[in-house]
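These are the residues of each chain, in order.
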Amino acid sequence: MDSIDFGSAALPLTTAQTGMWLAQKFMPEIEFNLAEAIEIHGPLDTGLMQAALWQLTREAEALRVRFVEGDEGPRQVIRHEYGGDIPFIDFSAEPDPREAAGRWMKADYDRPLNPLTEELWFSAVLKITDGSFIWYHRVHHLLMDGLSGGLCTRRVAELYTALVEGRAPTDDTAFGSLAEILDEEAGYRASNRFLRDREYWMERFADTPSPITLSHRKLATGSLLRDRSFMEPGMVASLRALAQSSGASLPQILIALTTAYLYRMT
C-alpha cells in the first residue's frame, strides 16, 4: 500500500459520500461496487486502449482518491497518480473464453472493498477472440455513480480514437474537481434554498408510515437476493413512450410502477 499524506491536501466527504461511508462501516461485508462490461467487436489496439485508460486516471480526480481516517473523521486524498494496475488479460485460449471472462469479472465485482486500504477503481482489457474484446471497469460507489461512470466511458472512447488517429485529444473532459463539488454543496447548505427544501420535505414526510414489504421472511444483514427476467420489446416500447409523455426517464417510470404495485399489493 502506498503512503498517503494526511494534511492540508485532505478534503472532507460530500453528504452523499458520508452516507455511503457509514453504510460501508455498518455493513463491511456488502459490496458497494458499480461495474460495466463493454463489448468491443473488431480490431482493438490493446496497448493504445490501456494508454487511454491511464490518461483517464490523470484527468478524473475521483479515480485517484484514497480515504483516510483521523480525529476529524473520514477524509479523501487526491493522489498525483493512480496506484493500481490496468491489465490486459487474454482468455482466448480458454475452452469457453466468454464464460471464463464472465466468471473472472463476477469474482472481481462481488469482492467487498476496504476504502482505507484498497484501490477503489479498477479497469482491465479482456480478449475473447482476435476480433472480440471486453473493457471492464469497476468502482466503489464512494467515488462514482452511474452518471460519472458514463462520462468516463465516453471520454475513454474519445481518448482511444485520438490515439488511433495520431492526434491530440480535446481538452474538454467534462470532469469537475472534487473541491468545486464541495464548494457548490457548501454554498447550497448555507443558502435559504436549503432551508426551504428541508422544511418542505420534513413537512411532506411528517406522517410517513412504517416501511412495507412483500416479503414474509427476514434477510440477514448484508444478504442480497437477485433475479433476472426480460421484458418483451413491445412492453419496453410502451414504457419508453410513457416515460417520454411524462417527462421522465425509463428508470424513473420503473421505480414509480414498482411503488404503485407495492401500494396495491399491501
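Look up a bit, the structure's there.
As the structure is a computational prediction, the values presented were derived from the model and not from experiment.

About the criteria used
- Residues numbered from 1 in each chain as written.
- Predicted model: local features only at pLDDT ≥ 70, side-chain atom pairs only at ≥ 80, totals over all residues.
- Heavy atoms only, no water.
- Helix = DSSP H or I, 4+ residues; strand = E, 2+ residues; numbered from the N terminus.
- Buried < 20%, exposed > 50% of the residue type's maximum accessible area, 1.4 Å probe, protein only.
- Contact = heavy atoms within 4.5 Å.
- Areas by Shrake-Rupley, 256 points an atom, 1.4 Å probe, with all protein chains shown as cover.
- Lys, Arg positive; Asp, Glu negative; His and termini not counted.
- Charge placed at Lys NZ, Arg CZ, Asp CG, Glu CD.
- Pairing = 2+ DSSP bridges.
- Axes fitted to C-alpha atoms, helices over the stretch in contact; angles between N-to-C directions.
- Right-handed = clockwise from strand over helix to strand, strands pointing away.
- Core = buried A, V, L, I, M, F, W, Y, C linked by side-chain atoms within 4.5 Å.
- Phe/Tyr/Trp six-rings, centres within 6.5 Å; stacked < 30°, edge-to-face > 60°.
- Lys NZ or Arg CZ within 6 Å of the ring centre and 35° of its normal.
- Parallel < 35°, antiparallel > 145°, perpendicular 65-115°, else oblique.
- Nonpolar A, V, L, I, M, F, W, Y, C, P; charged D, E, K, R; others polar.

Engineer: I tried to follow the overall build of the protein chain on my own but got confused; where do I start?
Structural biologist: Looking only at helices and strands, the protein chain has 8 helices and 7 strands in total. Dimensions of the protein chain, computed from the C-alpha atoms along their principal axes, are close to 60 × 55 × 40 Å. Across the 266 residues in the protein chain, those meeting the buried criterion constitute 32%. Contacts spanning at least 24 positions in sequence make up 68% of the contacts within the protein chain whose residues lie at least 6 apart. If you sum the accessible surface of the protein chain, you get close to 17,400 Å²; carbon and sulfur atoms cover 56% of it. Averaged over its 26 positive side-chain charges, the protein chain has a centre that lies 5 Å from the centre of its 38 negative ones.

Engineer: For this particular structure, what's the right way to read the sheet that holds strand β2 (residues 33-41)?
Structural biologist: The strands making up a sheet associate through backbone hydrogen bonding, with each pair oriented either parallel or antiparallel. Read from one edge to the other, the open sheet built from 4 strands follows the order β2-β7-β6-β5, with strand pairing classed as mixed. Because the sheet does not close on itself, it has two edges, and the strands there are β2 and β5 (88-90). Strand-to-strand twist in this sheet, taken as the mean axis angle between neighbours without regard to direction, amounts to 20°. Sheet topology places β2 next to strand β7 (residues 132-140); 9 bridges connect them, and they run antiparallel. Bridging from a neighbouring strand, Glu-39 pairs with Ile-134 of β7.

Engineer: Sorry if this is basic, but what is going on with the environment of Ala-62 here?
Structural biologist: Position of Ala-62 among the secondary structure elements: in the loop between α2 (46-59) and β3 (65-70). Taking C-alpha positions, Ala-62 is 7.4 Å from Met-144, a pair spaced 82 residues apart along the chain.

Engineer: Would you mind showing me how to read the sheet that holds strand β1 (residues 10-11) here?
Structural biologist: Spatial ordering of the open sheet is given by β1-β4-β3, a layout of 3 strands whose pairing is antiparallel. Only two strands of the sheet have a single neighbouring strand rather than two, namely β1 and β3. Relative to strand β4 (residues 73-78), β3 is paired through 6 bridges, and the arrangement is antiparallel. Within β4, the residue paired with Gly-70 across the bridge is Gly-73.

Engineer: Would you mind showing me how to read the pairing of strand β6 (residues 121-129) here?
Structural biologist: Consecutive side chains of a regular strand alternate in pointing toward one face of the sheet and then the other. By the criterion of burial, β6 is predominantly enclosed, with 8 of the 9 residues buried. Relative to β6, β5 is paired through 3 bridges, and the arrangement is parallel. The residue of β6 that forms the bridge with Asp-90 is Lys-127. In the classification by handedness, the crossover that spans β5, the intervening helix α3 (residues 97-109) and the parallel β6 is right-handed.

Engineer: Looking at this structure, I do not really get the nonpolar core. What am I missing?
Structural biologist: For soluble globular proteins, the rule of thumb is that nonpolar side chains tend to be buried together. Counting residues in hydrophobic clusters, the biggest one holds 44 residues, and the most contacted among them are Met-49, Leu-56, Phe-67, Trp-121, Leu-126 and Leu-143. Secondary structure elements with two or more residues in this core: α1 (15-26), α2, β3, α3, β6, β7, α4 (146-165) and α5 (178-189). Examining the composition of this core, we find that 6 residues originate from one element, β6, more than from any other. With near-sequence residues (within four places) excluded, Phe-67 lies in contact with Leu-13, Gln-17, Trp-21, Arg-75, Gln-76, Pro-115, Leu-116, Leu-120, Leu-142 and Leu-143.

Engineer: Help me out: how do you make sense of the packing of aromatic side chains in this one?
Structural biologist: Aromatic ring pairs are reported here in terms of the distance separating the ring centres and the angle at which the planes meet. Here the structure, examined in full by the defined rule, presents 10 aromatic pairs. Here Trp-104 and Phe-122 contribute two aromatic rings whose centre-to-centre distance is 6.2 Å and whose plane-to-plane angle is 50°, an arrangement assigned as tilted. Of the two residues, Trp-104 is situated in helix α3 and Phe-122 in strand β6; the sequence distance between them amounts to 18 residues. Above the ring of Phe-205, the side-chain terminus of Arg-204 is found at 5.3 Å from the ring centroid.

Engineer: I tried to follow the packing of helix α7 (residues 233-246) against helix α8 (residues 250-265) on my own but got confused; where do I start?
Structural biologist: Packed helices, taken two at a time, are described by their axes: the angle between them and the distance between them. For the pair α7 and α8, the least separation of the axes is 9 Å and the interaxial angle reads 100°. Of the possible angle classes, the one that applies to α7 and α8 is roughly perpendicular. Together, Leu-239, Arg-240, Leu-242, Ala-243 and Ser-246 of α7 and Leu-250, Ile-253, Leu-254 and Leu-257 of α8 make up the contact between the two elements. In terms of residue class, the contact of α7 with α8 is made up of 7 nonpolar, 1 polar and 1 charged.

Engineer: It is not clear to me how the environment of Glu-81 should be interpreted in this structure. Could you clarify?
Structural biologist: Tracing the backbone shows Glu-81 in the loop between β4 and β5. We classify Glu-81 as exposed; its relative accessible area is 63%.

Geometric values such as these leave the question of function open.
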